[in-house]
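# Observations on the three-dimensional arrangement
So the chains spell out like this:
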Amino acid sequence: MKAWIVLIAALSLAAGACSGGDEPAGSEGKGGGEGTTAAAETVTARLAPVEKTLEAETVDLPGTVEADRSASVSSRVMATVTAVHVRAGDSVRRGQVLVEIDPQTAAGQVSQARGGLAQAEAGLALAERNHERFETLAKSGAASQLELDLARSQRDQARGAVEQARGAVSSASSVAAESRVTAPFDGRVTARLVEAGDLAAPGRPLIQIESGSAHRLAVSVPESLLPASGLTLGAAAEVSIDARPDLGRFAGTVAERSPGADPLAHAFLLKIALGAVDVPSGSSGRVHLKTGQRPTIAVPAEAVLRQGGMTLVVLRDADGAAVSRIVTLGSTLAGGRVEVLSGLAGGETVLLGLPAVPPLGARVVEAAR
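Quick summary incoming for the structure in this document. Not measured: the values here are computed from a predicted model.

A separate point is the packing of aromatic side chains. Under the counting rule described, the total for this entry stands at zero aromatic pairs. The cationic tip of Arg257 hangs over the ring face of Phe268; the distance from NZ or CZ to the ring centre is 5.7 Å.

Below you can see the structure in the form of structure tokens.
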């Protein structure tokens, strides 16, 4: 009998426990109602449409900045360098003395040429007198026609020798003048290739100089891209300098174009004048060629959020609620926009300037502009 009483009491306790378990379930339902309230939060932001436009399709081609004029200055004098008056980086003026070479060798060549001229002039004077004598003798029949022809030939040869000797003097004097090597134009020194004591020789560069302004960007443009680019002489071209991002993209002018393509590279060489932009020669740059148009989906850069290694934008759906969307971005476009490669179809409305992704389903209120 006692066993039955214990069994009935145990069953009663179990029933009470089950009845108590139903109560928390009801409380959980209330908690779900609180979640619905949280989802009804509001977020205030500026709105912008997702644009579907046609953007210029460009190709970036690398190039190198070079001076408008450059020269490797040398001398025809073979002698010892006695002084070098400039260093790399110095500004020079046209006619300024850059290098001095020992003038004694050149002076000796001038003296030798002048001596040869004196001998030739003496020979000419003798030949002319002989020719006059034979002309007089031939008139009286005392000299034959052959003797007169020989005298005339000797006179003409002597005249040629004088002209040759005068040319030698002029050439030697010209070489001697190069004992003082001067700048051929205004510019700056890019390399000093000799020191005092070195031997100068014809054809050996002594100083390299370049013009201090009017730089150009030399670019090889494939022949397949040139017709669509419109880069004719005098045309504008959009360029940028890698080491000067502060300059951004700016307009240059096609100053020179090779008449034919390189048979190996199948590319045309273009030189684009950079105007007043001051960049050192040897810098790398790019020309941005427009080759057509392509459909593009773009959003303002302010709409892009980065969270947890993902790139997102927040949309306002048809019900006015906030919905986040993962996107893949492309290039930066003009007007503070970025290209969206995937994640959007165009025509949606995005929220701008959010500090973080709002709760899913939050009510969107447009901020006053």
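What follows picks up the thread again.
Most often, soluble globular proteins have nonpolar side chains that are buried together. Counting residues in each nonpolar core, the largest one holds 21 residues, and the members touching the most others are Val221, Leu274 and Val287. Sorting the residues of this core by element identifies β2 (51–67), β11 (215–222), β12 (236–241), β13 (250–257), β14 (267–273) and β15 (284–300) as the ones contributing at least two each. Contact partners of Leu274, with chain neighbours within four places excluded, come to Val65, His215, Arg216, Leu217, Val239, Ile241, Phe250 and Val279. In this structure, Val73, Val99, Ala183 and Leu206 belong to the second largest nonpolar core, which totals 20 residues.

On to unusual backbone geometry. The backbone phi angle of His266 is positive, close to 55°, even though this residue is not glycine. With respect to the helices and strands, His266 occurs in the loop between β13 and β14.

Pairing in this open sheet of four strands is antiparallel, and the strands run β3-β10-β8-β5 from one edge to the other. Because the sheet does not close on itself, it has two edges, and the strands there are β3 (70–73) and β5 (91–92). Of the pairings in the sheet, the one linking strand β8 (residues 187–192) to strand β10 (residues 207–210) comprises four bridges and is antiparallel in character. Paired with Ala191 across the strands is Gln208, a residue of β10.

Definitions and cut-offs
- Residues numbered from 1 in each chain as written.
- Predicted model: local features only at pLDDT ≥ 70, side-chain atom pairs only at ≥ 80, totals over all residues.
- Heavy atoms only, no water.
- Phe/Tyr/Trp six-rings, centres within 6.5 Å; stacked < 30°, edge-to-face > 60°.
- Lys NZ or Arg CZ within 6 Å of the ring centre and 35° of its normal.
- Core = buried A, V, L, I, M, F, W, Y, C linked by side-chain atoms within 4.5 Å.
- Buried < 20%, exposed > 50% of the residue type's maximum accessible area, 1.4 Å probe, protein only.
- Helix = DSSP H or I, 4+ residues; strand = E, 2+ residues; numbered from the N terminus.
- Contact = heavy atoms within 4.5 Å.
- Pairing = 2+ DSSP bridges.

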